[in-house]
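Examination of the molecular architecture
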Amino acid sequence: MKKFGLRAWAVLVVICWAQMSEGIWLDVPSTGTKCVSEEIQNNVVVLGDYVVVPMEDHAKHDASISVRVTSPFGNNLHHKENATVGQFAFTTTEAGNYLACFWLDSHHQGSTGISVNLEWRIGIAAKDWDTVAKKEKIEGVELELRKLESHVKNIHENLIYLKQREADMREVSERTNSRVAWFSIMSLGVCIMVSVVQVFHLKRYFLKKKLI
């Protein structure tokens, strides 16, 4: 049972590491924009490296792109034009979807699209462990244990974040259901009042015409 638990933790750490360090290939069209988003918590270090891989008709001259990275509230975190390779780095100040968009520069539009390799590193994956090892004078097993400890801590923080998100969504859902219920009751009450008024009006009409 203990061995199974250790294996489960190891698998969880590997999955978490894969999610924090992603290598993505993007096919940027000749016109339009190609974007990729990542949901990130608050106060997390993010590093991104991108490089342009031109198609055959761009082989004789460098194809360049424009890049923009924005926060969930639309703030510009990185913007670069005429780029073939670049890097962005920032620490998140708000939780939500962070967006990285790529498009061909104007003098390349109308030709065949290009590919962009984007390496998006988040949290622990963005940490410079070589610098940490030199600064704290640790190596080997001790360094690996420090990495594992950081991974476990990050997993715990992610679980807390997901739990909070679930609680927030449940609260919104309950509030929405309550509003819908009150709206239904009010609609039913209005229908009943209208029906009573109509019956009263028709009764007066028939009495006036001496039909009843």
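The name an unreviewed UniProt entry gives the protein chain is GOLD domain, with Dillenia turbinata as the organism. We quote the UniProt Subcellular location (unreviewed entry) comment for the protein chain here in full: "Membrane". According to its UniProt record, the protein chain has this under Sequence similarities (unreviewed entry): "Belongs to the EMP24/GP25L family."

This part takes up unusual backbone geometry. Phi is positive for asparagine 43, which is not a glycine, with a value near 60°. Among the structural elements, asparagine 43 can be located in the loop between strand E2 (34-40) and strand E3 (45-53). Even without a glycine there, the phi angle at asparagine 82 is positive, about 55°. Following the sequence through the fold, asparagine 82 ends up in strand E5 (residues 76-83).

This part covers the environment of arginine 121. Along the chain, arginine 121 falls in strand E8 (residues 114-122). C-alpha separation for the pair arginine 121 and glycine 23, spaced 98 residues apart in sequence, amounts to 8.6 Å. A distance of 2.5 Å separates the side chain of arginine 121 from the side chain of aspartate 49, its partner in a polar contact.

The next subject is the sheet that holds strand E4 (residues 65-70). Strand order across the open sheet formed by four strands is E2-E7-E4-E5, with antiparallel pairing between neighbours. For this open sheet the edge positions go to E2 and E5, each flanked by a neighbour on one side alone. Across this sheet, the average inter-strand angle for adjacent strands is 10°, counted without regard to direction. The pairing of E4 with E5 spans five bridges and is antiparallel.

Feature annotation in UniProt places "transmembrane region" (unreviewed entry) on residues 180-202, given in this structure's numbering. The annotated region residues 180-202 carries 100% helix and 0% strand content, and the separation between its end C-alpha atoms amounts to 33 Å.

What follows deals with the pairing of E4. Within E4, five of the six residues are buried, which leaves the element mostly enclosed by the surrounding structure. The turn linking E4 back onto E5 is made up of five residues, and glycine 74 within it adopts a positive phi angle of 85°.

Reading the values: rules and limits
Residues numbered from 1 in each chain as written. Predicted model: local features only at pLDDT ≥ 70, side-chain atom pairs only at ≥ 80, totals over all residues. Heavy atoms only, no water. UniProt positions renumbered as here; feature names shortened; annotations may be inferred. Helix = DSSP H or I, 4+ residues; strand = E, 2+ residues; numbered from the N terminus. Polar contact = N/O pair within 3.5 Å; in protein donor to acceptor, adjacent residues only side chain to side chain. Pairing = 2+ DSSP bridges. Axes fitted to C-alpha atoms, helices over the stretch in contact; angles between N-to-C directions. Buried < 20%, exposed > 50% of the residue type's maximum accessible area, 1.4 Å probe, protein only.

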